[in-house]
Amino acid sequence: MATRLKIKTTEGDITIRLYDETPKHRDNFLKLVKEEYFNGTIFHRVIKDFMIQGGDPDSKNAPKGKMLGTGGPDYTIPAEFVYPQYFHKRGALSAARTGDEVNPNRESSGSQFYIVWGKTYKPTELKQMEHQMAMQQEQLVFNQLTKEHHEEIMNLRRNRDRTGLQELQEKLIEQTKTICKQQGKPAFTPEQIEAYTNVGGTPFLDNQYTVFGEVEEGLDIVERIQNCDTDRNDRPTEDIKIKNVELL
């Protein structure tokens with residue numbers, strides 16, 4: 001049985017469906033809805049042709065100019081990437097989070113979420129992204145291998161063994177290529193290509209943030225919100241409130 005909710009905002013209603021394949025995010029969102037956690041919060045971060053973000057409890061009755069975006073419960077949610085089945089197409093409901101440098105496991109914020117608007121891409125742009133994804137994949141694998149050989153690398157450096165370092169580097173590069181070949185080259189699925197070229201979305205966020213639902217009705221409301229006037233901190237100049245969220 002699909003879990004459907006209606007987010008009632010001052011701009012109109014948005015009906016969302018939560019995915020059963022992301023149970024931790026689904027259950028947490030439902031818990032917050034039952035606690036009326038979102039009632040009175042605003043969409044505090046809105047970027048045209050990108051997304052609308054809400055769920056910060058500090059945004060309730062927040063005065064103009066107050067910095068928002070760090071509020072939430074005192075926990076995070078483990079990442080639940082169901083990729084490439086669920087991706088950042090227009091209307092995707094995703095969890096916000098802190099950056100990789102402080103959050104290497106890409107755990108989600110306890111309450112903050114965003115709804116994707118994005119833009120459409122040319123097939124050549126998606127090809128370029130695939131190329132960048134392949135380079136990132138190689139870099140990640142190589143970094144992991146160097147971490148595993150840390151002691152050996154430090155010893156070679158201490159002994160100023162340049163030949164040994166060069167040989168080890170070449171060996172790790174070969175291992176990287178082998179592992180990447182086994183993992184397969186990153187590529188967009190036909191569904192992603194269809195969505196990103198014809199409907200819109202934010203493909204560069206795929207596999208980085210947990211997608212845990214999607215808009216079923218009310219994309220016109222999302223469009224209206226992402227088109228609103230904002231200040232230099234991306235906060236709408238006129239507050240757009242979530243009045244309440246109800247289970248359907």
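Up top you'll find the structure we're talking about.
Notes on the structure follow.

The rules behind each value
- Residues numbered from 1 in each chain as written.
- Predicted model: local features only at pLDDT ≥ 70, side-chain atom pairs only at ≥ 80, totals over all residues.
- Heavy atoms only, no water.
- Helix = DSSP H or I, 4+ residues; strand = E, 2+ residues; numbered from the N terminus.
- Buried < 20%, exposed > 50% of the residue type's maximum accessible area, 1.4 Å probe, protein only.
- Contact = heavy atoms within 4.5 Å.
- Areas by Shrake-Rupley, 256 points an atom, 1.4 Å probe, with all protein chains shown as cover.
- Lys, Arg positive; Asp, Glu negative; His and termini not counted.
- Charge placed at Lys NZ, Arg CZ, Asp CG, Glu CD.
- Core = buried A, V, L, I, M, F, W, Y, C linked by side-chain atoms within 4.5 Å.
- Axes fitted to C-alpha atoms, helices over the stretch in contact; angles between N-to-C directions.
- Parallel < 35°, antiparallel > 145°, perpendicular 65-115°, else oblique.
- Left-handed = near helix turned anticlockwise from the far one by under 90°.
- Nonpolar A, V, L, I, M, F, W, Y, C, P; charged D, E, K, R; others polar.
- Salt bridge = Lys/Arg side-chain N within 4 Å of Asp/Glu carboxyl O.
- Pairing = 2+ DSSP bridges.

## Details of the overall build of the protein
So, point 1. Along the protein, the regular secondary structure elements total 6 helices and 10 strands.
So, point 2. In terms of overall dimensions, the protein has a C-alpha envelope of 65 × 40 × 40 Å along the principal axes.
So, point 3. Here the protein holds 248 residues, and the buried ones make up 43% of them.
So, point 4. Residue pairs at least 24 apart in sequence account for 74% of intrachain contacts in the protein once pairs closer than 6 positions are excluded.
So, point 5. As presented, the protein carries roughly 13800 Å² of accessible surface, and 48% of it is formed by carbon and sulfur atoms.
So, point 6. Charged side chains in the protein number 34 positive and 39 negative. The centres of these two groups are separated by 2 Å.

## Quick notes on the environment of Thr176
So, point 1. Relative to the assigned elements, Thr176 resides in helix H4 (residues 162-183).
So, point 2. Taking the relative accessible area as the measure of exposure, Thr176 reaches 5% and is therefore buried.
So, point 3. Sequence separation between Thr176 and Gln226 is 50 residues; the distance between their C-alpha atoms is 41 Å.

## A short note on the nonpolar core
So, point 1. Core analysis: the largest hydrophobic core is formed by 27 residues, its most contacted members being Ile14, Ile16, Phe29 and Phe38.
So, point 2. At the level of secondary structure, the elements contributing two or more residues to this core comprise strand E1 (3-9), strand E2 (12-18), helix H1 (23-34), strand E6 (92-95), strand E8 (113-116), strand E9 (211-217), helix H6 (219-226) and strand E10 (242-247).
So, point 3. Here the element with the most residues in this core is H1; it accounts for 4 residues.
So, point 4. Setting aside its immediate chain neighbours within four residues, Phe38 contacts Phe29, Leu32, Val33, Gly55, Ser111, Phe113, Ile242 and Val245.
So, point 5. Membership of the second largest hydrophobic core comes to 11 residues, among which are Tyr19, Met51, Val82 and Tyr114.

## Regarding the packing of helix H2 (residues 123-148) against H4
So, point 1. Remark: H2 packs on H4, axes separated minimally by 9 Å, with the N-to-C direction vectors making an angle of 130 degrees. Taken together, the axis directions place H2 and H4 in an arrangement best described as oblique. Regarding H2 and H4, the two cross each other, and that crossing is right-handed. The residues of H4 that touch H2, namely those facing Gln137, Glu138, Val141, Phe142, Leu145 and Thr146, are Gln169, Leu172, Ile173, Gln175, Thr176, Ile179, Cys180 and Gln183.
So, point 2. The residue inventory of the contact of H2 with H4, partitioned by class, reads 7 nonpolar, 6 polar and 1 charged.

## Digging into the pattern of salt bridges
So, point 1. Within this structure, the stated rule accounts for 15 salt bridges.
So, point 2. Its salt-bridge partner being Asp239, residue Arg235 comes within 3.1 Å of it at the nearest N-O pair.
So, point 3. What makes Asp239 partly exposed here is its relative accessible area of 30%.
So, point 4. Within the structure, one salt-bridge network assembled from shared partners comprises Arg4, Arg17, Lys89, Glu214, Glu216 and Glu217.

## Thoughts on the sheet that holds strand E4 (residues 51-54)
So, point 1. With antiparallel pairing, the 8 strands of this open sheet are ordered in space as E3-E4-E8-E6-E9-E2-E1-E10. What marks the edges here is a single partner per strand, and that holds for strand E3 (45-47) and E10. On average, each strand axis in the sheet is inclined to that of its neighbour by 25 degrees, with strand direction left out of account.
So, point 2. Strand direction decides the pairing type here: E4 and E8, joined by 4 bridges, are antiparallel. Directly across from Ile52, in E8, lies its bridge partner Ile115.
So, point 3. In the packing of H1 onto the sheet, the strands contacted are E1, E2, E6, E8, E9 and E10, and the crossing angle to E1 comes to about 45 degrees.

## Topic: the packing of helix H3 (residues 150-158) against H4
So, point 1. Where H3 contacts H4, the two axes come as close as 8 Å, and the packing angle between them is 155 degrees. When the axes of H3 and H4 are compared, the pair comes out roughly antiparallel. By crossing handedness, the relation of H3 to H4 is classed as left-handed. Counted together, Glu152, Ile153, Leu156 and Arg157 of H3 and Gly164, Leu165 and Leu168 of H4 form the full contact between these two elements.
So, point 2. Taken together, the residues of the contact of H3 with H4 sort by class into 4 nonpolar, 1 polar and 2 charged.

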